[in-house]
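Structural characterization, general
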Amino acid sequence: MGNMETVDLYLHNAEQVVTCASHGPKRGPAMADAGVIERGAVAVKDGRIVAAGPAAQLDGTVTAERVIDCTGRSVCPGFVDAHTHTVFGGDRAAEFELRIKGASYMEIMAAGGGIVSTVRHTRAASVDELARSAAARLDEMLALGTTTVEIKTGYGLSASDELKMLQVIEGLDRDHPCDIVPTFLGAHAVPPEFEGDAEAYTRCVVEEILPEAAAWYASSRFAERGVPMYVDVFCEDHAFDLDQSRRVLEAGIEAGFKTKIHVDQFNSFGGVAMALELGAASVDHLDVTDRAEIEALGESGTIAVPLPAVNFNLGMTDYADARAMMDSGAAVALATDLNPGSAPCPSMPAVMAIACRYQRLTPAEALNASTINAAHAIGEGEEAGSIEAGKRADILVLKAADYRHIPYFFGGNPVQTVIKRGRVMSL
Ligand code: NIG
Ligand code: FE
C-alpha cells in the first residue's frame, strides 16, 4: 500500500482480525489455524479488501471516508453457506411434530410426505411468492453473518417448475445483497407423475430438464459474471441409485456444470467413490461414509461437507465423522442445508455450535469450515471466504473480542455488524 492511501472504510483497533487466509482450501491439520492477527485493522475500497494486518502497521498508511471503531470486538470473514435449499413453498411443521412422536424422515418420505410435499407447495407458488419468502430467509441469514449462499433447485421436478426455481434464484442474486451460487438439483426426489419409477424420471432429468437448465444458465447473469453452475443429486434409497446418480452428474458435466452430491446420509453404497472419480467439487452429508472412502476423500481435491444441523434437527445422536475426515487430510466445509424438512435452520453460528460439540471441531476448524473451505466448495474461493487483499469485502464485526464466542455463546446472534461488498448493512 502506498503512502496515505484513501480508502472507503477502515476497521480500526479490532482485538482480533481472524483472516482464514489460505492459498486454496485448508486441508486437515491446516484447519486448526484461523489466522488470528491480534489488534488488527482492515482497509476496504471499492467493495474489495485492500489491506489487513496489525493496526500498528496499517494506522497512518490510510485515510478513510468511514472508520468503524472495533475496540473490544473481533472481525472475521462473512460466512459462506455452501449447501442450501433456500427457495421453497409451504413448510413442514406438521412433519416436525410427527417425527417427535416417532416417525422417521425416511418413513415420512416413503409415505409421500417429505420432499414431495414441498414439491406440491413449490409448484403451486408463483415466482413472486417464492422470491419473497426466500428473500426473507436470506435477510435472516445475512443478519446472522452469511454473505454468500449456494441455493439448489429440486422442489420443482418438472422442466417448467425447475426453471421457475432457477428464475427465482437469479432474481435473488440480482436483488439481494447476498451473493448466490446456483445448483440444479432436478434429481432430488421422484415426482408424483413418475411415482415408483426413478429410472423413467432419471431419463427425463437427463434428456429434458437438465438441457433446459443448461440453456437457461448460458444466458443467465451467473454465466455472464463467471459464477459456475453446479449439478447435484440425492443418492439414496427411495431417491436415486448409484447408476442413476452417475448418469445425472455425467450429464451435468457434459453440459459444463460442476458437480456435488447428497450422499451417505442414511445408506452407503459407493456414492462417494463415484463422485470422487467424477472430480466432484464437494460431497455432502457423509453420515455413514466408510473408512476407505474417507481415506480416498483425504487424497482427493473434493471438499467434504457434513451437515450437522440435519442430524440435530432429526434428533439423531450420530454425526458425520468430521475428525476422521480432517485426519485423512480432507478439507472440511460446513453448511446449514437450510430446507423445510431436515434442516429448517438459517444460522451458520448454530451449525458451528453443533459441529464443535458433536463433531469435536475446534472453533478455528469450524470457522475455516464456514468461510474459506465453504467458499472453495462452491467455486468462490478466489473471491470470498477470507480477509485478504483483493477479495470481496464481505466482513463481520463480532460482538465479542474473541472469535471463539461464535460457537461458544450459542443460540443468539454473535454478529454486531455485517459488511457486504464494502457496504455496511443496516439490518
Ligand atoms: O439435504 N436429503 C435430501 N435433501 C435435503 C432435504 C430436503 C427436504 O427434506 O426437503 C437434505 O437433507
Ligand atoms: Fe440438502
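Our subject is the structure that appears above.
Residues numbered from 1 in each chain as written. Chains lettered and ligands numbered in written order. Predicted model: local features only at pLDDT ≥ 70, side-chain atom pairs only at ≥ 80, totals over all residues. Heavy atoms only, no water.

1. Re the overall build of the protein
Just so we agree on the cut-off: The helix count covers DSSP runs of H or I at least four residues long, the strand count covers runs of E at least two residues long, and both are numbered beginning at the N terminus. Radius of gyration means the value over C-alpha atoms here, while the globule rule gives 2.2 Å times the residue count to the 0.38 power. Note on contacts: a residue pair is in contact if any heavy atoms of the two residues lie within 4.5 Å.
For the protein, the helix and strand inventory stands at 17 helices and 15 strands. In summary, the protein has a C-alpha radius of gyration of 21 Å against a globular reference of 22 Å for 427 residues, a match within 12%. With the C-alpha coordinates aligned to their principal axes, the bounding extent of the protein is approximately 70 × 40 × 40 Å. Of all intrachain contacts in the protein linking residues separated by at least 6 positions in sequence, the fraction that spans at least 24 positions is 73%.

2. Regarding the sheet that holds strand β10 (residues 258-263)
Rules: The criterion for strand pairing is that DSSP finds at least two bridges linking the strands in question. An axis is simply a line fitted to the C-alpha atoms; with a helix, the fit covers only the stretch in contact. Between two such axes, the angle follows the N-to-C directions and lies from 0 to 180 degrees.
The strand order β6-β7-β8-β9-β10-β11-β12 describes an open sheet built from seven strands, whose pairing is parallel. The open sheet has two free edges, formed respectively by β6 (79-81) and β12 (303-305), since each of these has just one partner strand. Recorded for the sheet is a direction-independent mean angle of 20 degrees between the axes of neighbouring strands. The pairing of strand β7 (residues 146-152) with strand β8 (residues 179-187) spans five bridges and is classified as parallel. Within the sheet, the bridge partner assigned to V149 lies in β8 and is I180.

3. Comments concerning the coordination of the iron ion (ligand 2)
Applicable threshold: Metal coordination here is assigned from N, O and S atoms located within 2.8 Å of the ion, or within 3.2 Å for Na, K and Ca; omission of water means that sites may look incomplete. Here's how the labels work: a residue is buried when its accessible area is under 20% of the maximum for its type, exposed when over 50%, partly exposed in between, all with a 1.4 Å probe on protein chains only.
Looking at the iron ion (ligand 2), one finds its protein donor set to be H83 (NE2), H85 (NE2), H262 (NE2) and D337 (OD), positioned 2.1 to 2.3 Å from the metal centre. Positions of the donor residues of the iron ion (ligand 2) along the chain correspond to the pattern H-x1-H-x176-H-x74-D. A residue pair is termed long-range when its members are at least 10 positions apart, and H85 in the loop between β6 and α2 (93-100) and D337 in the loop between α13 (322-327) and α14 (348-358) qualify at 252 residues. Residue H85 is classed as buried on the basis of its relative accessible area of 2%.

4. With respect to the site of ligand 1
Heads up, the rule is: Distances are taken per atom, and a residue is near a molecule or strand as soon as one of its heavy atoms is within 4 Å of it. Counting of polar contacts relies on pairs of N or O atoms within 3.5 Å, with two restrictions inside protein: one atom must be capable of donating a hydrogen and the other of accepting it, and residues adjacent in sequence are counted only when both atoms are side-chain atoms. Residue burial considers only the protein chains on display, and all accessible areas are found by Shrake-Rupley using a 1.4 Å probe. Three categories are distinguished: nonpolar for Ala, Val, Leu, Ile, Met, Phe, Trp, Tyr, Cys and Pro, charged for Asp, Glu, Lys and Arg, and polar for the others, with Gly belonging to the last.
Neighbouring ligand 1 are 15 residues, the closest being R92, Y105, Y155, D337 and S342. Side-chain polar atom of R92 to an oxygen atom of ligand 1: 2.7 Å apart, as the coordinates give it. A distance of 3.5 Å separates an oxygen atom of ligand 1 from a polar atom in the side chain of N339. Surface burial for ligand 1 is 100%, taken as the share of its 330 Å² of free accessible area covered by protein chains. In the shell around ligand 1, the residues fall into four nonpolar, nine polar and two charged.

5. Here's the deal with the pairing of strand β3 (residues 48-54)
Sheet topology note: the strand β2 (residues 36-45)/β3 ladder contains six bridges and is antiparallel. When the sheet's bridge partners are listed, K45 is paired in β3 with R48. Between the antiparallel neighbours β2 and β3 lie two residues, among them D46 with a positive phi of about 50 degrees.

6. Quick word on the nonpolar core
Formally: Nonpolar cores are built from buried Ala, Val, Leu, Ile, Met, Phe, Trp, Tyr and Cys residues. Side-chain atoms within 4.5 Å join them into one set.
V87, F184, I261, L334 and L367 are the most contacted members of the largest nonpolar core, which has 119 residues in total. Looking at which element gives the most residues to this core, the answer is helix α7 (residues 198-218), with 10 residues. Beyond its immediate stretch of four places on either side in the chain, L367 contacts V18, C20, C76, F79, M352, Y403 and I406. In terms of nonpolar packing, the next biggest core, distinct from the first, is built from 16 residues, L11, V17, V42 and V44 among them.

7. Thoughts on helix α4 (residues 115-124)
Considered for burial, the residues of α4 that qualify are I115, V116, S117, T118, V119 and T122. Buried positions along α4 lie against α2, α3 (105-110), α5 (127-143), α6 (159-175) and β9 (230-235).

8. Digging into the side chain of T371
Relative to the elements of secondary structure, T371 occurs in the loop between α15 (363-370) and α16 (372-377). Once residues lying within four places of it in the same chain are set aside, the contact partners of T371 are C20, P77, G78, F79, V80 and G385.

9. Quick notes on the pairing of β10
We count it as follows: The crossover handedness rule: strands pointing away from the viewer, path from first strand over the helix to second strand clockwise, crossover right-handed.
The element β10 is extensively covered by neighbouring structure, given that five of its six residues are classed as buried. Of the strand pairs in this sheet, β9 and β10 are connected by four bridges, and their pairing is parallel. Bridge assignment links F234 to a residue of β10, and that residue is H262. Remark: the β9/helix α9 (residues 242-254)/β10 crossover connection has right-handed handedness. Pairing geometry for β10 and strand β11 (residues 282-285), over four bridges, is parallel. Its bridge partner lying in β11, H262 is registered against D284. In terms of handedness, the path from β10 via helix α10 (residues 271-277) over to β11 forms a crossover that is right-handed.

10. Topic: the packing of α5 against α6
To keep things clear, this is the line we draw: Working definition: roughly parallel below 35 degrees, roughly antiparallel above 145 degrees, roughly perpendicular at 65 to 115 degrees, and oblique for all remaining angles. Each crossing gets its handedness from the near helix: less than a right angle anticlockwise from the far helix is left-handed, clockwise is right-handed.
Taken N-terminus to C-terminus, the directions of α5 and α6 make an angle of 45 degrees; their axes are 9 Å apart at the nearest point. By the angle class used here, α5 and α6 are oblique. For the crossing formed where α5 meets α6, the hand is right-handed. Facing V127, L130, A131, A134, A135 and L138 of α5, the residues of α6 in contact are K164, Q167, V168 and L172. Residue classes in the contact of α5 with α6 are distributed as eight nonpolar, one polar and one charged.

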